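A structural walkthrough
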Amino acid sequence: MLALFAATGLAAASIGNAVFAHGNVLPQPVDTTALPDIGEAWLVKNPYRGNATAIKIGESAYGQNCARCHGLEAMSGGIAPDLRYLDVAEVGDEWFIDRYQHGSARDGKVYMPPLGDVLGQKAGWAIRSWLDTKHQD
Ligand code: HEC
C-alpha cells in the first residue's frame, strides 16, 4: 500500500504540482529511536554528521517525505531545488534545518510545507546526514 502510494505521488510529481496543492500527501513518521537524543531545542549544527545509523534512517526518511518534490536520490526533477548542492558546512546545516522546520511560503502560496513539528528534529538531522553523502559541488 505504501509503495503504491509513493508511486502515485511520484507519477503526480512528474506531471506537475497539482496533487500537493490539495495537501493530501501526508508526512510519513520516521523511527529515530536508534539515534542519540538531542533534546527539544532546535540545533543549528548537525549532531549526527557522519553517523552511519543516521545516514541510513535519513535515506529512507528522505525517500518517504522529500523525494516526491526534491527527486529520487536527491536528484531534482525541477519541481523543487536540488538538495545535492546544499552547502556541506555549518552554514548549510542552518539553512537546511530552517527550511525543514518552517518550510517555505511567499505571497500566501506554500512552496514547501513545514515538517519540523510533524517529523521531528532527529529525523531532520538524519536526512541532512544522508544528503551530505550525496553532495555535489
Ligand atoms: C511539497 C513539495 C516539497 C516537499 C514534500 C519537500 N520540499 Fe523542500 N522545498 C520545496 C520547494 C518548492 C522548495 C523551494 C522553496 C522556495 O522557493 O522558497 C524547497 C526548498 C527546500 C530547501 C532549501 C533548498 C535551497 O537550495 O534553498 C531545503 C533544505 C528543503 N526544501 C528540504 C526538504 C526536506 C529535507 C524535505 C523532506 C523532509 C522536503 N524539503 C520536502 C518543496 C518541497
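Residues numbered from 1 in each chain as written. Predicted model: local features only at pLDDT ≥ 70, side-chain atom pairs only at ≥ 80, totals over all residues. Heavy atoms only, no water.

- By the naming in an unreviewed UniProt entry, the protein goes by Cytochrome c-550 PedF and is assigned to Sphingomonas echinoides.

Observations concerning the pairing of strand E2 (residues 109-112)
- As paired elements, strand E1 (residues 104-106) and E2 share 3 bridges and run antiparallel to each other. When the bridges of E2 are listed, Ala 105 appears paired with Val 110.
- Where E1 folds back on E2, the antiparallel hairpin that results is connected by 2 residues, among which Asp 107 adopts a positive phi of roughly 50°. (Pairing = 2+ DSSP bridges. Helix = DSSP H or I, 4+ residues; strand = E, 2+ residues; numbered from the N terminus.)

Re the site of the ligand
- Around the ligand sit 20 residues, and of these Cys 66, Cys 69, His 70, Ser 104 and Met 112 come closest.
- When contributions to the shell around the ligand are tallied by element, the ones reaching two or more residues are helix H4 (67-70), helix H5 (90-102), E1 and E2.
- When the residues that make up the shell around the ligand are grouped by side-chain class, the tally is 14 nonpolar, 3 polar and 3 charged. (Near = heavy atom within 4 Å. Nonpolar A, V, L, I, M, F, W, Y, C, P; charged D, E, K, R; others polar.)

Considerations on the coordination of the iron atom of the ligand
- Taken together, His 70 (NE2) and Met 112 (SD) make up the full set of protein donors to the iron atom of the ligand, lying 2.0 to 2.1 Å away.
- Classification of the site at the iron atom of the ligand as octahedral follows from its 6 donor atoms and the range of 84 to 179° in their angles at the metal. A residue pair is termed long-range when its members are at least 10 positions apart, and His 70 in helix H4 and Met 112 in strand E2 qualify at 42 residues.
- A relative accessible area of 10% means that His 70 is categorised as buried. (Donors = N, O, S within 2.8 Å, 3.2 Å for Na, K, Ca; no water. Tetrahedral: all angles 85-135°; square planar, octahedral: opposite > 155°, others 65-115°. Buried < 20%, exposed > 50% of the residue type's maximum accessible area, 1.4 Å probe, protein only.)

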